[in-house]
4 protein chains.
Amino acid sequence: MAAQDIVGSLAHARALGRAGLLDAKALRAIERGLLKVGRELSRGEFTFQPSDEDIHMAVERRLTELVGEPGQRLHTGRSRNDQVALDLRLWCRSATCELVEGLATVQRVLIRRARQHQATLLPGYTHLQRAQPVQLAHYLLAYFEMLDRDQERLQDLDRRTDSSPLGAGALAGSTLGIDRRRPARELGFTRVSGNSLDAVSDRDFVAELTFACALTAVHLSRLCEDLVIWNSREFSFITLPDRWATGSSLMPQKKNPDVLELVRGRTGRPVAALVGILTVLKGLPLSYDRDLQEDRGHLFSAVTSVNESLQVLSGLLAAVQFNRQALAKAAADPELLATDLAEWLVGGGVPFRLAHGTVARTVREAESRQLGLDQVVRESWPRLGFSSESEAERLFQPAHSLGLREQPGSPGPRRTEAAVTAAAQRVAAHRAWARSLRRRLPA
Amino acid sequence: MAAQDIVGSLAHARALGRAGLLDAKALRAIERGLLKVGRELSRGEFTFQPSDEDIHMAVERRLTELVGEPGQRLHTGRSRNDQVALDLRLWCRSATCELVEGLATVQRVLIRRARQHQATLLPGYTHLQRAQPVQLAHYLLAYFEMLDRDQERLQDLDRRTDSSPLGAGALAGSTLGIDRRRPARELGFTRVSGNSLDAVSDRDFVAELTFACALTAVHLSRLCEDLVIWNSREFSFITLPDRWATGSSLMPQKKNPDVLELVRGRTGRPVAALVGILTVLKGLPLSYDRDLQEDRGHLFSAVTSVNESLQVLSGLLAAVQFNRQALAKAAADPELLATDLAEWLVGGGVPFRLAHGTVARTVREAESRQLGLDQVVRESWPRLGFSSESEAERLFQPAHSLGLREQPGSPGPRRTEAAVTAAAQRVAAHRAWARSLRRRLPA
Amino acid sequence: MAAQDIVGSLAHARALGRAGLLDAKALRAIERGLLKVGRELSRGEFTFQPSDEDIHMAVERRLTELVGEPGQRLHTGRSRNDQVALDLRLWCRSATCELVEGLATVQRVLIRRARQHQATLLPGYTHLQRAQPVQLAHYLLAYFEMLDRDQERLQDLDRRTDSSPLGAGALAGSTLGIDRRRPARELGFTRVSGNSLDAVSDRDFVAELTFACALTAVHLSRLCEDLVIWNSREFSFITLPDRWATGSSLMPQKKNPDVLELVRGRTGRPVAALVGILTVLKGLPLSYDRDLQEDRGHLFSAVTSVNESLQVLSGLLAAVQFNRQALAKAAADPELLATDLAEWLVGGGVPFRLAHGTVARTVREAESRQLGLDQVVRESWPRLGFSSESEAERLFQPAHSLGLREQPGSPGPRRTEAAVTAAAQRVAAHRAWARSLRRRLPA
Amino acid sequence: MAAQDIVGSLAHARALGRAGLLDAKALRAIERGLLKVGRELSRGEFTFQPSDEDIHMAVERRLTELVGEPGQRLHTGRSRNDQVALDLRLWCRSATCELVEGLATVQRVLIRRARQHQATLLPGYTHLQRAQPVQLAHYLLAYFEMLDRDQERLQDLDRRTDSSPLGAGALAGSTLGIDRRRPARELGFTRVSGNSLDAVSDRDFVAELTFACALTAVHLSRLCEDLVIWNSREFSFITLPDRWATGSSLMPQKKNPDVLELVRGRTGRPVAALVGILTVLKGLPLSYDRDLQEDRGHLFSAVTSVNESLQVLSGLLAAVQFNRQALAKAAADPELLATDLAEWLVGGGVPFRLAHGTVARTVREAESRQLGLDQVVRESWPRLGFSSESEAERLFQPAHSLGLREQPGSPGPRRTEAAVTAAAQRVAAHRAWARSLRRRLPA
């Protein structure tokens, strides 16, 4: 959080100047000094001293070495408590930006792959059992939806992070009459915190961002689970290009989906971090307690791991090869259309429960005779109320089935087309949001 | 979730009617039947059968007993997957309302008590060490702020719960062309879900509501911790009326703050529930898996325990007696104004770090001489740059200190007055939000 | 915990009698009274009063109604603090017994099925990729091992639960000189607690039992995951008898593995409970705080859910049908023996890394020529150093491969035979342990 | 885990030698090479290459650079799967040693301080309310007991870590007939794993060690909570030497217990880690999946943070100053003996419930008259059945009260003396255990 500390101190120094607590010369010295400290830090040239209690004290110590007495004036009217809270909020807002961008990148890949596979059918699964045919596009857009809620959640929570604690002091502000609004604005904040006790002890924004990471990680774990299963020899729905597969140290034939498993396994990090933060916060008395410093490691672990997962998945998803033949074969399983048959009977006036029973019996008959469901249905088209065998046959064309599913959210071809378009617009909006926030945040 | 199941089925039945899949007579029978089943359930007169797989099947079975063939048509074009998702969303939205109202009740008590104690001073603490004087009102409003973020969070997340899954079917909608928008509107939803696979497998809204409960519980645990400490003989800041204290089965003198401890201990429930839900969701393949049914117990536990905690705390906070004398005595500790002294020196041009050092030495001198800090300062007023002993004396009046703290969020008297007023407006807005949502939700 | 409360009070009353604090008549009255209360409770005939603070007070209140003044003497020399701790330990020990028995039941089913499938081969998987052939018996015994560690863990932790807190009083014992050892022995305890402050505030045994449940649940979740995948159409390794599969409310063809998914999803309960308990305990001051009462709900949820999962899985595992044909077909995949080929080359003096490379190239050649690995190897037997084509052919017989794997823990046929026998002995020991503990615990 | 990897590979190489898979020269080259790689790693002179997939591959790559062809033979008959499992077990056993030693160090400090304070009285608290007097020694030994259970738990779990996976290969052992028992023994293991599938996929020992860390951390959090409260101005039971207190950046008078708060806050780490590991493991199919690599970060975080906490607390506990005067004053509160009064009445034949009521009324009388409980009792000694006022007076001497508490586990002086002695013996046994294990583990 060194970068955040420097920009926060710059804004604070300017506020001291405006309050008459630093003269122009001292302010210039501090500004020059802080920028130099910042450069030293970012270039790895900064030397920490054993006496530096933390990064904040180290920056002030080095500043005073560089500029002398003005350095001793920088901490006027503030405490490490509001300073740390400020740095942490700046870090979180920047992390929020990065997550929004990372999600948007994965979303764009999902849209691109969905565009390519609007006509690729596969079985949709419930209970890992084949259920009904859907387009691969529809499947990919399901993950788009999850990530889109993640986007909304991040953008919502930023409104709670967007509150400057600078000026809350240790817990009760300061007697020196330093304006809080201008430095807040300079640092990209819309509001200043409304209660100084709360301002130094609040870590809700950390918990909330970590929760957002945890839920995103859970989404990614589901995607990885699907792809690991699809990558099995038995499914063979996808092939991972060599770059995205790993060999075995012992077994020469293996091509393992390590990347997918690592992303799935990394779900543990933000979930752990969330529990860590809630454990830290539970039962702390007001206001600032040093326990709060423990939020940081958890937060960084959560944000970093999710950012890495998003990055690596955007690459993998762009590269993964969908095996059209295997998908098509699975999607052609006539049992996937058992529900269509029941609904067809309903269309003829049969109560649904009876229709369901009729079809279930027909499925069992097909199984016992080792025939396809479609074969049995075609055989008995008159009894089932079809006007011809070819009408019965048509019911078993997956594309026909999808053509009847044009309600909102359903996998009809026109709906899917529209969903892809709408998705692209939403991603554009997310990216605009991130750009706009990034512009307001200090560099 | 029985009530939710009934109203959801009513809306679905009307949609079937509009789609021509139920004639007017069958629809009327179903409506009458469902209302009767609802009454049986709410009155405890409903008899479950061993064959009832779950509440949803039980309702349909009973309906069919009551109305015959039309009952067999109710499940047309829907699946338990979208039905369950619908019921759960309706339950969550109602729970969100209740939580918003419960929070508002506690917030109102905090405001009332803050109004009574705008002039009651106590030490603000950091690290459970006395730090600087604040009003009790300022302290109470710190908790108001926490709960206010909880309010915003709940109202934000409801926008993600506000999406009707009805019509998503098992995972791929239906071929029967049933309109989704009208029943959604009847059930209080603004939107219908955008992807059928996602609609049946999404439990983000459950996780998010549970997280909101967990964070609220953490806030309450902090408040309880403070009050338990304040209730110790050593602090004696509060007295719990007998109704809110518990005796000991063995020790006749004890008056224990069991309620506060139970609320603090109940933090474990929503935190546990949150972990439970994330554990369930991790690594599930699309779309619906039966694991999802496990979200319910966790959700109910989280919501119920937080609702109870809010209710009990609103009573306790209204009744707790603040011991003005003990508070005043603690607030009069002159060391609480050591920071004011340092800032006073800063006002005279001394760099803050030097001023901090000077005051620290003066504090140590007072300690070693077993004098109050104020006494030592009054002795040496000329050396410290005061114009008179009485000027030095004034610095040690807590009320004087607070009078200098009128920046936003600080505990100056005018700020605190304004904060109380603003808080009341915010609560009014939350209550209006809840009323408005409740009006839209089905009864 | 009513049953525990009754037997605990009986032992306490007898100790009071021996200490001269109850005369024989009063003791007999109390014994009779407590047994009656116990019957009322177990028959559901007990009426709770609004004034009953908890089960412990309710029992004492009812006892006093039944027997008069002697009832007012029962609580002599004890507190609810040691009473609750006692009841909870008794409950935990009984739960430990039940879990050991439940695990043993599943272990016995695993052994039985392993015996049936010592010659059934299937691919062992890593990364859900086919790796090397193993017997189904070896696979089933892997789960046996996990559950066996659970057994050891439970039996270890009981040594820490096995410590009677009775007589620790509220936190400092009693002045009445009541013997602690005899009632402890009567209640099945080997030791009495060594520190009264610790005795009333210790809930480690609750946390430890809950952790044991969580780890067992994780093991079961892995087993369920495997079976859910094996139950997919694509794998078809198992068939679930109708009793263990569930239909779909919408899709007539579905046979869903709901039981497996519920068990997998229930992992969330003990994991949640564990977090709940640790959250409750974190940061509690000594000694007893009412927060501790919150351990109970978490504990019960963890134990109950794992017990149910064990029960249901023992039924399912006994009934599941392994599809020998599908398993055999998958096990015959020649790539599963790529490692054997590399090790064969090593036997001829080739460094392993080079052998690994050679085989990897051969695998790729087979793939590009769309041949089986065995075909390519048989073609080039001289180049690979085989003495004949038939020697090369033999390498691709899975049974031959297993025959070479007779090191401890490996899936050689003789090893597997021995492992089944050893497993049966271990289960017998666990059952003996449970019987022995149950005999010592009060009825 | 580099050190573990080297010693594991050395043992494996020797086993290859014995199996005739490495000649003497190659073996010597490998041994020399591995020792050199080990030195390079421990001195920070090792250069990782971008192509090194992980530490295991890096060691083998470097070994081959150093010794040529023999390096290509090292991985014969093993896989990264059993290699990683081995390294992790070696690491865990070493960590278990360190934790046992760290706990023993804190236990020894507790004993030392207890010895010094066998006669120092303070109020024992329940619900943070003064309850009954105890010695500070008794209080400190309560924490000893908690840590002693931690000791047992660690020593128990090591029996499950004590099982060598080497030779399990990728999942099915090897065809090369390499002996597993001898290398296991060389590496300090008593047993070899009993099932190769389980051996590579088992991470129970990681979860169990992490749980042990979590429970220890919870114990430390309770101790820190007590000390933070005792360090408040209001309690003033302890004084932290300057070395163990931290100043405030803003408030010159502050001496904050940051160390205690950090230890309390660090409870979040092992609790988080535990959840992380359980999240990773949940629902993984057999056998090895790459997700398992994610256990490491969680494990290291848990072990490291608890080790640090133990170290820092042993220093703080040795240095903390107990303020005898403040403790004595609090312990002299006559209400602490209300229970003794009730038990005294019981001694005279009064049923306990009635005695409890009588004392409770007397306490209220004292409160309303603003007198000490002892004063009121002395006034009414005849009514309460004392033989003289001085007999009543004696009842209010805390030391007298403790003298009556000589049952096992109670704070009677002789009991406490004996408890201190017993504690010292137990610590000696733990240290012996750790020494013995360390001797068996490879250096």
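Residues numbered from 1 in each chain as written. Chains lettered and ligands numbered in written order. Predicted model: local features only at pLDDT ≥ 70, side-chain atom pairs only at ≥ 80, totals over all residues. Heavy atoms only, no water.

### Observations regarding the overall build of chain A
- Counting its secondary structure elements, chain A contains 18 helices and four strands.
- A compact globule built from 443 residues would reach a C-alpha radius of gyration of about 22 Å, whereas chain A, at 30 Å, exceeds it by more than 25%.
- For chain A, the C-alpha atoms occupy an extent of roughly 100 × 55 × 40 Å along the three principal directions.
- For chain A, the residues scored as buried account for 68% of the 443 residues in total.
- For chain A, the exposed area adds up to about 14200 Å²; of that, 49% sits on carbon and sulfur atoms.
- For chain A, the centre of its 59 positive side-chain charges and the centre of its 52 negative side-chain charges are spaced 4 Å apart. (Helix = DSSP H or I, 4+ residues; strand = E, 2+ residues; numbered from the N terminus. Rg over C-alpha atoms; globule rule 2.2 N^0.38 Å. Buried < 20%, exposed > 50% of the residue type's maximum accessible area, 1.4 Å probe, protein only. Areas by Shrake-Rupley, 256 points an atom, 1.4 Å probe, with all protein chains shown as cover. Lys, Arg positive; Asp, Glu negative; His and termini not counted. Charge placed at Lys NZ, Arg CZ, Asp CG, Glu CD.)

### Remarks on the nonpolar core
- Counting 531 residues, the largest nonpolar core has W230 of chain A, W230 of chain B, W230 of chain C together with W230 of chain D as the members making the most contacts within it.
- Sequence-distant contacts of W230 of chain D, defined by excluding residues within four places in its chain, comprise L122, L136, Y139, F235, S236, F237, I238 and F322 of chain D. (Core = buried A, V, L, I, M, F, W, Y, C linked by side-chain atoms within 4.5 Å. Contact = heavy atoms within 4.5 Å.)

### Describing the relation of the copies chain B and chain D
- The two copies are related by a screw motion: chain B maps onto chain D through a turn of 180 degrees and a shift of 0.0 Å along the axis, at an RMSD of 0.1 Å. Viewed as a symmetry operation, the transformation between the two copies matches a two-fold axis.
- A high fraction, 100%, of the interface residues of chain B reappear at the interface in chain D, so the copies pair face to face through one surface. (Least-squares fit on C-alpha atoms with pLDDT ≥ 70 in both.)

### Points about the interface of chain B and chain D
- Tallying the contact residues gives 47 residues for chain B and 47 residues for chain D.
- When the two sides are added together, the surface that chain B and chain D hide from each other amounts to roughly 3900 Å², 52% of it contributed by carbon and sulfur.
- Taken as a group, E234, P252 and Q253 of chain B account for 18% of the area that chain B buries against chain D, more than any other trio of residues on that side.
- Linking chain B with chain D are six salt bridges.
- D333 of chain B is paired through a salt bridge with R233 of chain D; the nearest N and O atoms lie 3.2 Å apart.
- The interface formed by chain B and chain D contains 29 residue pairs in polar contact (both at pLDDT 80 or more).
- If one sorts the elements of the side of chain B that touches chain D by residue count, helix α15 (residues 352–368) of chain B sits on top with six residues.
- Class assignment of the residues belonging to the side of chain B that touches chain D gives a composition of 21 nonpolar, 13 polar and 13 charged. (Buried area = accessible area lost by both parts, 1.4 Å probe. Salt bridge = Lys/Arg side-chain N within 4 Å of Asp/Glu carboxyl O. Polar contact = N/O pair within 3.5 Å; in protein donor to acceptor, adjacent residues only side chain to side chain. Nonpolar A, V, L, I, M, F, W, Y, C, P; charged D, E, K, R; others polar.)

### So, the side chain of R264 of chain A
- Considering the arrangement of structural elements, one finds R264 of chain A in helix α9 (residues 258–265).
- Accessibility expressed as a relative area gives 2% for R264 of chain A, which makes it buried.
- Here the side chain of R264 of chain A touches D291 of chain D through a polar contact of 2.7 Å, side chain to side chain.

### Brief notes about the interface of chain B and chain A
- In this complex, chain B contributes 100 residues to the contact, which on the side of chain A involves 99 residues.
- Between chain B and chain A, a total of about 8500 Å² is buried, with carbon and sulfur atoms accounting for 56% of that surface.
- Its residues placed into classes, the side of chain B that touches chain A shows 41 nonpolar, 30 polar and 29 charged.

### A short note on the relation of the copies chain B and chain A
- If you rotate chain B by 180 degrees and push it 0.0 Å along the axis, it lands on chain A with an RMSD of 0.1 Å.
- With an isologous cut-off of 70% or more, the 99% of interface residues of chain B that recur at the interface of chain A puts this contact in the isologous class.

### A short note on the pairing of strand β2 (residues 129–135) of chain D
Residues and elements named next belong to chain D.
- Where burial is concerned, most of β2 is hidden: seven out of the seven residues are buried.
- Sheet analysis places strand β1 (residues 121–126) next to β2, joined by six bridges and oriented antiparallel. From the neighbouring strand, T126 faces β2, where its bridge partner is Q129.
- Where β1 folds back onto β2 in an antiparallel hairpin, the turn is made up of two residues, including H127, whose phi is positive at roughly 55 degrees. (Pairing = 2+ DSSP bridges.)

### Re helix α10 (residues 258–265) of chain C
- Of all eight residues that make up α10 of chain C, eight are buried, and the element is covered over most of its length.
- Residues of α10 of chain C that are buried: D258, V259, L260, E261, L262, V263, R264 and G265 of chain C.

### Points about the pattern of salt bridges
Residues and elements named next belong to chain D.
- According to the stated counting rule, one finds 189 salt bridges over all chains in the structure shown.
- Across the salt bridge formed by D202 and R89, the nearest N and O atoms sit 2.7 Å from each other. Within this pair, whereas D202 is found in the loop between α7 (196–201) and α8 (204–230), its partner R89 is found in helix α4 (residues 80–116), the two being separated by 113 residues in sequence.
- D202 gets classed as buried once you look at its relative accessible area, which sits at 3%.

### Some details on the state of the cysteines
Residue and element names in this part refer to chain A.
- Under the counting rule described, the total for this entry stands at zero disulfides over all chains.
- Lacking any disulfide linkage, C97 is separated from the closest cysteine sulfur, that of C92, by 12 Å.
- Given the relative accessible area of 0%, C97 is considered buried.
- Sulfur of C213: no disulfide; nearest cysteine sulfur belongs to C92 and is 9.2 Å away. (Disulfide = S-S within 2.5 Å.)

### Structural notes on the packing of helix α9 (residues 204–230) of chain B against helix α11 (residues 268–281) of chain B
All names here are of chain B.
- α11 packs onto α9 with a crossing angle of 155 degrees between their chain directions and a minimal axis gap of 8 Å. On the basis of their axis angle, the class for α9 and α11 is roughly antiparallel. Every pair of crossing elements has a handedness; the one defined by α9 and α11 is left-handed. Residues V206, A207, T210, F211, C213, A214 and A217 of α9 pack against P270, V271, A273, L274 and I277 of α11.
- Looking at the contact of α9 with α11 residue by residue, the class counts come to eleven nonpolar, one polar and no charged. (Axes fitted to C-alpha atoms, helices over the stretch in contact; angles between N-to-C directions. Parallel < 35°, antiparallel > 145°, perpendicular 65-115°, else oblique. Left-handed = near helix turned anticlockwise from the far one by under 90°.)

### Some thoughts on the packing of helix α11 (residues 268–281) of chain C against helix α10 (residues 268–281) of chain D
- Contact pair α11 of chain C / α10 of chain D: the axes reach a minimum separation of 11 Å and the direction vectors enclose 180 degrees. It follows from the interaxial angle that α11 of chain C and α10 of chain D lie roughly antiparallel. Contacts between α11 of chain C and α10 of chain D involve V271, L274, V275 and L278 of chain C on the former and, on the latter, V271, L274, V275 and L278 of chain D.
- Residue classes in the contact of α11 of chain C with α10 of chain D are distributed as eight nonpolar, no polar and no charged.

### Describing the domain arrangement of chain A
Residue and element names in this part refer to chain A.
- Per the domain assignment, the segments making up chain A are domain 1 (22–73), domain 2 (80–175 + 182–330 + 420–440) and domain 3 (333–403).
- Between domain 2 and domain 3, the C-alpha centre-to-centre distance is 43 Å.
- In this complex, domain 2 contributes ten residues to the contact, which on the side of domain 3 involves ten residues.
- Here domain 2 meets domain 3 over a buried area of about 710 Å², counting both sides, of which 63% is carbon and sulfur.
- Contact with domain 3 buries surface across domain 2, with L121, Q132 and P133 losing the most and accounting together for 58% of the total.
- Where D333 meets R130, a salt bridge forms, and the shortest distance between an N and an O atom there is 2.9 Å. (Domains from an automatic or database assignment.)

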